[in-house]
Amino acid sequence: MLRVRFAPSPTGYLHVGGARTALFNWLLAQRQQGVFVLRIEDTDLERSSDEMVEGILDGLRWLGLDWHEGPAAGGPHAPYFQAQHLERHRAMAADLVRRGRAYACYCTPEEITAKRTAAEVAGGGWKYDRTCRRLSAEQIAAFNAEGRPHAVRFLVPDGTTRFDDLVHGPIEFDHANLDDFVILRSDGQPTYHLSVVSDDIEMQITHVIRGDDHISNTPKQILLYEAMDAPIPRFAHVPLILGPDKKRLSKRHGATSVMEYARQGYLPEAMVNFLSLLGWSPGSGDRELFTRDELAGVFDVSGINGGNAVFNQEKLDWFNQQHMMRLPIAELATRVKPWFEQAGLWRDDYSTSRREWFFAVLELLRPRAKRLDEFVPLGRFFFDDTLDFDERAVAKHLYPAGIGEVLQALLVALDHLPSYDPATLEVCVRGTADAHGLKASAFIHAVRVAVTGRTVSPGLFDVLSLLGRDRVRARLDVWARSAG
RNA sequence: GUCCCCAUCGUCCAGAGGCCUAGGACGUGGCCCUUUCAAGGCCAAAACCCGGGUUCGAAUCCCGGUGGGGACGCCA
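Figured I'd write up the structure that's included with this text.

Calculation criteria
- Residues numbered from 1 in each chain as written.
- Chains lettered and ligands numbered in written order.
- Predicted model: local features only at pLDDT ≥ 70, side-chain atom pairs only at ≥ 80, totals over all residues.
- Heavy atoms only, no water.
- Pairing = 2+ DSSP bridges.
- Helix = DSSP H or I, 4+ residues; strand = E, 2+ residues; numbered from the N terminus.
- Axes fitted to C-alpha atoms, helices over the stretch in contact; angles between N-to-C directions.
- Contact = heavy atoms within 4.5 Å.
- Near = heavy atom within 4 Å.
- Polar contact = N/O pair within 3.5 Å; in protein donor to acceptor, adjacent residues only side chain to side chain.
- Expected span 1.5 Å × (residues − 1).
- Buried < 20%, exposed > 50% of the residue type's maximum accessible area, 1.4 Å probe, protein only.
- Core = buried A, V, L, I, M, F, W, Y, C linked by side-chain atoms within 4.5 Å.
- Parallel < 35°, antiparallel > 145°, perpendicular 65-115°, else oblique.
- Left-handed = near helix turned anticlockwise from the far one by under 90°.
- Nonpolar A, V, L, I, M, F, W, Y, C, P; charged D, E, K, R; others polar.
- Phe/Tyr/Trp six-rings, centres within 6.5 Å; stacked < 30°, edge-to-face > 60°.

What follows covers the sheet that holds strand β7 (residues 182-184). Ordered in space as β3-β4-β7, the three strands form an open sheet in which the pairing is antiparallel. With partners counted over all chains shown, the strands left at the sheet margins are β3 (102-105) and β7, one partner each. Strand-to-strand twist of the sheet, defined as the mean angle between neighbouring strand axes without regard to direction, takes the value 45 degrees. Where strand β4 (residues 151-154) lies against β7, two bridges are found, and the strand directions are antiparallel. The residue bridging V152 from the neighbouring strand is L184, located in β7. Strands β3, β4 and β7 of the sheet are contacted by helix α3 (residues 86-98), whose axis makes an angle of about 120 degrees with β7.

With that out of the way, let us pick up the protein's contact with RNA strand B. Taken together, 65 residues lie around RNA strand B, and C107, R185, K247, P367 and R448 are the ones closest in. A share of 75% of the atoms of RNA strand B within 4 Å of the protein falls on sugar and phosphate groups. Taking N308, its side chain carries an N or O atom lying 2.8 Å from a sugar or linking oxygen of RNA strand B. In this structure, Q322 approaches RNA strand B through a side-chain N or O atom, which is 3.2 Å from a phosphate oxygen. Contributions of two or more residues to the surface near RNA strand B are made by α4 (109-121), β6 (169-174), β11 (309-310), α11 (313-326), α18 (440-452) and α19 (460-467).

Moving on, we come to helix α2 (residues 50-63). End to end, α2 covers 20 Å across 14 residues, agreeing with the expected 20 Å (1.5 Å per residue, within 8%). Turning to α2, its buried residues number three or more, namely M52, V53, G55, I56, L57, G59, L60, W62 and L63. Those residues of α2 that are buried lie in contact with β1 (3-6), α1 (16-31), β2 (35-38), α8 (258-263), α9 (268-276) and α10 (292-298). Backbone geometry just downstream of α2 places G64 in the positive-phi region, at approximately 80 degrees.

Take the nonpolar core next. In globular proteins that are soluble, nonpolar side chains generally tend to be buried together. If you look at the biggest cluster of nonpolar residues, it comprises 112 residues, and the most contacted ones within it are L275, F311, F358, F375, F382 and L476. Of the residues forming this core, the biggest block, nine residues, is contributed by α1. Counting 29 residues, the second largest nonpolar core, distinct from the first, contains A102, L178, L224 and M228.

What follows concerns the packing of helix α17 (residues 422-435) against α19. Packing of α17 against α19 brings their axes to within 8 Å, and their N-to-C directions diverge by 115 degrees. With respect to α19, the element α17 is oriented roughly perpendicular. Read as a crossing pair, α17 and α19 show a hand that is right-handed. Contacts between α17 and α19 involve P422, L425, E426, V429 and R430 on the former and, on the latter, F461, D462, L464 and S465. Its residues assigned to classes, the contact of α17 with α19 shows five nonpolar, one polar and three charged.

Our focus in this paragraph is the packing of aromatic side chains. If you walk through the whole model with that rule in mind, you get 25 aromatic pairs. Ring geometry for Y350 versus F383: centroids 5.7 Å apart, planes at 65 degrees, classification edge-to-face. Placement of the pair is Y350 in the loop between α12 (329-342) and α13 (355-365) and F383 in helix α14 (residues 375-383), with a sequence separation of 33 residues. Three or more aromatic residues joined by ring pairs make a cluster, and in this case those are F340, W346, Y350, W357, F358, F381, F382 and F383.

With that out of the way, let us pick up the packing of α13 against α14. Direction vectors running N to C along α13 and α14 enclose 135 degrees, while the axes themselves pass 10 Å from each other. Considering their axes alone, α13 and α14 lie oblique with respect to each other. As for how α13 packs across α14, the hand of that crossing is right-handed. Contacts between α13 and α14 pair W357, F358, V361, L362, L364 and L365 from the former with F375, L378, G379, F382 and F383 from the latter.

Shown next, in the form of structure tokens:
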């Protein structure tokens with residue numbers, strides 16, 4: 001049974017890079033009918049917070065990436081908070097010492113820092129010089145007697161570690177480039193390497209899918225698995241998401257938290273689709289639009305690319321529009337509702353007696369909107385009778401001589417119309433223009449400005465039809481009197 | 001500095017030695033549709049980083065260079 005995990009540290013919100021890593025884990029679990037575990041790596045007490053944990057959970061929920069085991073879901077390894085398994089981590093460190101694979105280090109952080117900076121000044125890299133590996137039994141006894149604190153370091157053996165990365169293929173590290181890393185801090189807190197490996201062993205994780213930035217951590221962790229005689233999982237290192245400047249995506253590139261995209265009016269469906277195709281491809285075939293479940297049906301780690309990918313918001317916009325076009329209209333209505341409420345334009349009858357009307361308006365608006373937040377500004381004149389007139393448009397389209405007269409004629413003609421459907425309205429408007437020797441297009445522009453306040457809108461006849469007799473009459477009436 | 005990863009249109013991908021006159025998508029430009037704006041349709045410009053090999057044949061394999069990215073913490 002395949003078991004994967006997403007293990008964020010709650011030191012920030014769920015950003016797009018983490019979201020994609022989570023997505024790949026989720027997709028693989030779905031595809032292989034495995035288990036997706038969510039584990040919060042909160043061992044950095046200083047920077048972790050409950051608020052961030054919630055933020056991450058919210059992000060995952062928004063994307064629809066549900067976890068089988070983890071916070072709120074529970075599971076056989078609960079609690080799924082790393083900091084609550086300190087004792088097991090410490091026990092592993094002790095075990096490693098007992099096995100002769102780790103040793104106490106009495107060097108102080110200050111001493112280490114001094115050596116490291118000295119080496120850097122001298123212009124080279126530095127690795128721990130194993131001072132404490134050479135301590136005599138007497139020295140150790142003396143240090144312990146004086147109560148001197150110690151960290152625990154893993155003893156890196158000579159040799160090389162190689163692993164077959166699922167996205168990069170074989171990768172090899174010479175241990176000469178690894179130093180005896182700390183697994184237990186002098187205050188008794190386990191470090192990242194110890195905690196992850198301990199937890200991944202405990203939770204029987206079979207596939208570790210994580211960011212490329214962890215690739216150089218992998219040999220250290222494999223060494224830990226080996227020292228514990230534990231089965232080593234498969235690794236898949238996913239390339240990073242870059243900003244337009246090819247630098248690692250960060251705050252200065254704008255939105256980086258997935259919930260920020262939610263607030264901006266993006267659909268989770270679009271975000272999932274977009275993210276899935278950033279660095280992954282289903283192979284040959286031109287298809288790009290997928291639902292989350294369709295992706296789960298075809299996803300495979302072998303399709304993950306080795307190179308980093310640049311985040312392209314314009315493509316996200318396109319995915320968003322495509323997914324909005326494909327949403328059942330009732331669903332679109334519920335998605336868009338919060339924006340109407342926020343603008344103070346929501347009315348309850350939009351979901352009851354005027355439901356069909358509301359749907360029809362959305363249908364008109366959606367090919368014109370890239371994001372959910374655009375429905376309000378795009379269709380404001382449908383929901384608010386106080387029009388925001390574009391003065392230049394008024395001057396240009398409503399003041400040419402004679403327009404007022406034609407508008408008056410239209411008003412009368414419209415009142416006698418048996419039906420208010422677009423086709424009938426079109427015949428009426430064009431006929432009125434013709435009868436007065438006015439170009440239909442000029443008249444259409446004039447009517448549009450009179451009725452919407454703007455020069456751009458969905459097709460005028462659809463607009464008139466949906467606005468309805470009373471509102472059209474009221475809006476036209478004003479200009480029939482005052483126009484040119 | 002050391003180690004690691006990567007390298008096809010501006011961007012995201014396809015391409016797993018001859019199917020490549022290098023394909024698709026976003027974006028860009030043009031045309032069509034059209035009352036405006038979108039959507040939609042059609043067309044166009046746009047790339048195999050460089051140099052060596054291997055091979056009858058290389059975008060595809062190997063080596064080197066260059067470029068980009070990442071990692072080198074008692075952070076995760």
